[in-house]
Amino acid sequence: MQILQNLDYIPNLTLALGFFDGVHIAHQKLIKKSVNFAHENKSKSAVITLKQQPYCYLNNIEPKFISQRTESYQTIENLGVDYLIELNFDDVMQLTALEYLQNILIKNFEPIGIFTGFNHHFGHNRKGNCVFLEKYQSEFNYHFEALPSQTLNGNLISSSAIRKFLEQGQIKDANSMLGREFCVNGTVVEGNKIGRTMNFPTANIIYPKDIIEIPNGVYEAEVELADGRKIKSIANFGKKPTVNNTNKKTLETHILNNFNENIYGQNIKIYFSKFIRAERKFGNIEELKEQIKNDISDIKCQ
């Protein structure tokens, strides 16, 4: 998949439009439909997205995403997309819906197909929508298709629902909608090494500031090392009140299976599968060690 950050003339494309935060299972279904249409009509497929989240940009809010861009883009690539085109919201925010359609989509890509979700909006004051795109398909000679709303266990599948699940520690529900496990990645940094003194050494990474923050607590997880190996682990996110006197939050994971390699400076991914318990302060280190043993035992028994 080729990632483009400038508009180029690439005609005869099939387009999937959206921000696609998290690339959840409804996003995947939409993108796959566009890819299949492209193949059936001897076209190339492209995802058109924005570098900035419009609501956060307009309201000067620090964005909190479900997935880091590299992970989202990898998921999109795995769906068979040929091009991913990132537009600057600055460059298109003042365009009317018709100007956006004519001057951006039609002029640059001459699309034979346009695919969106049922609630997709674009153009100044969000005047562009599915009705608009359907109205102009004959004039501009493209096929338009909107994916209807998708539900899972009675809940609308959406990025908003996934964010709420994550914020509430409902990891399994979030993962069901994502179609994969919620993940964060980062470089392993040195911590205070208290875990090592308790025979529970941990790999510490800085929790990404632009990712939805999960509740403080202990999680069943899996670590993917830089060499691609995946090993079960137990992760803790929070302030570590038993051993820490600061309010600084850290994400640390104890890699199971007697893992004892030096991975400082390596980039790892932590996949979260289940919330185990909330963070709490123990009376002493021995109580904390006993609880960690119980947490690990619970994971291994599953």
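Treat the numbers as computed from the prediction; the structure is a model and nothing was measured.

## Quick look at the packing of aromatic side chains
The tally for this structure, following the rule as stated, stands at 11 aromatic pairs. Between phenylalanine 182 and phenylalanine 272, the aromatic rings sit 5.7 Å apart at their centres with planes inclined by 35 degrees, giving tilted as the arrangement. Here phenylalanine 272 lies in strand β14 (residues 267-278) and phenylalanine 182 lies in strand β9 (residues 182-187), a separation of 90 residues in the sequence. An identical accessibility class is assigned to phenylalanine 182 and phenylalanine 272; each is buried. Summarising the aromatic geometry, the rings of tyrosine 219 and phenylalanine 275 are spaced 5.2 Å apart at their centres and angled 70 degrees between planes, so their arrangement reads as edge-to-face.

## Description of the sheet that holds β9
Reading across from one edge, β9-β14-β11-β12-β13-β10 is the order of the 6 strands in this open sheet, with antiparallel pairing throughout. The sheet terminates laterally at β9 and β10 (203-205), the two strands that pair on one side only. Mean inter-strand twist for the sheet, computed between neighbouring axes without regard to direction, equals 35 degrees. Here β10 runs beside strand β13 (residues 250-255); their pairing, made up of 3 bridges, is antiparallel. Directly across from alanine 203, in β13, lies its bridge partner threonine 253.

## Observations concerning the layout of surface pockets
One number sums up the size of the largest pocket: a volume of about 1,300 Å³. Along the walls of the largest pocket sit 45 residues, with Phe19, Asn119, His120, His121 and Arg126 positioned nearest its centre. Those elements that place two or more of their residues in the lining of the largest pocket are α1 (25-40), β3 (44-50), α2 (54-58), α4 (89-92) and α8 (159-167). Considering every element that reaches the lining of the largest pocket, the biggest residue donor is α2, with 4 residues.

## A look at the sheet that holds strand β4 (residues 83-87)
Read from one edge of the open sheet, 6 strands run β1-β4-β3-β2-β5-β6, paired in parallel fashion. On the outer flanks of this sheet lie β1 (2-4) and β6 (143-147), each paired with one strand and no other. The average undirected angle you get between the axes of adjacent strands in this sheet is 20 degrees. Two elements, β3 and β4, share 5 bridges in a ladder whose sense is parallel. Residue leucine 50 lies in a different strand from β4, and its bridge partner there is leucine 87. Packed on one face of the sheet, helix α3 (residues 69-78) meets β1, β3 and β4 and runs near 140 degrees to β4. Here helix α5 (residues 97-109) sits on the sheet and contacts β2 (13-17), β3, β4 and β5 (113-117); the angle it forms with β2, its principal contact strand, is near 140 degrees.

## Concerning the packing of α8 against helix α9 (residues 171-178)
Following both chains from N to C, one finds α8 and α9 inclined at 155 degrees, their axes separated by 7 Å at the closest point. When the axes of α8 and α9 are compared, the pair comes out roughly antiparallel. Like other packed secondary-structure pairs, α8 and α9 cross with a definite hand, here left-handed. Listed contacts from α9 to Ala161, Ile162, Phe165 and Leu166 of α8 are Ile171, Asp173, Ala174, Met177 and Leu178.

## Some thoughts on the pairing of β9
A regular strand places its side chains so that they alternate between the two faces of the sheet. Taken across its 6 residues, β9 has 5 buried, putting it largely inside the fold. Pairing analysis gives 6 bridges linking β9 to β14, with the strands arranged antiparallel. Counted as the bridge partner of asparagine 185 is lysine 269 from β14.

## Regarding the pattern of salt bridges
Counting across every chain of the model gives 9 salt bridges. Salt-bridge contacts for glutamate 220 lead to lysine 232; the nearest nitrogen and oxygen are separated by 2.9 Å. Of this pair, glutamate 220 sits in strand β11 (residues 217-224) while lysine 232 sits in strand β12 (residues 230-238), placing them 12 residues apart in sequence. For lysine 232, a relative accessible area of 35% gives the class partly exposed. Several salt bridges converge on common partners, so that one network encompasses Asp227, Arg229 and Glu261.

## Re the pairing of β12
In terms of burial, β12 is a largely internal element, 7 of the 9 residues being buried. Both β11 and β12 contribute to a ladder of 8 bridges, which runs antiparallel. By the bridge assignment, glutamate 220 is partnered in β12 with isoleucine 234. Sheet analysis places β12 next to β13, joined by 6 bridges and oriented antiparallel.

## Observations regarding unusual backbone geometry
Of note, asparagine 60 is a non-glycine position whose phi angle comes to about 55 degrees, a positive value. The topology assignment puts asparagine 60 in the loop between α2 and α3. At asparagine 258, a residue that is not glycine, the phi angle is positive and equals roughly 55 degrees. Assignment of secondary structure puts asparagine 258 in the loop between β13 and β14.

Reading the values: the criteria
- Residues numbered from 1 in each chain as written.
- Predicted model: local features only at pLDDT ≥ 70, side-chain atom pairs only at ≥ 80, totals over all residues.
- Heavy atoms only, no water.
- Phe/Tyr/Trp six-rings, centres within 6.5 Å; stacked < 30°, edge-to-face > 60°.
- Helix = DSSP H or I, 4+ residues; strand = E, 2+ residues; numbered from the N terminus.
- Buried < 20%, exposed > 50% of the residue type's maximum accessible area, 1.4 Å probe, protein only.
- Pairing = 2+ DSSP bridges.
- Axes fitted to C-alpha atoms, helices over the stretch in contact; angles between N-to-C directions.
- 1 Å grid on protein atoms, 1.4 Å probe; cavity = no way out; pocket = protein on both sides within 12 Å on 5 of 7 lines; lining within 4 Å.
- Points joined across faces, edges and corners; volume = space filled by probe spheres on them.
- Contact = heavy atoms within 4.5 Å.
- Parallel < 35°, antiparallel > 145°, perpendicular 65-115°, else oblique.
- Left-handed = near helix turned anticlockwise from the far one by under 90°.
- Salt bridge = Lys/Arg side-chain N within 4 Å of Asp/Glu carboxyl O.

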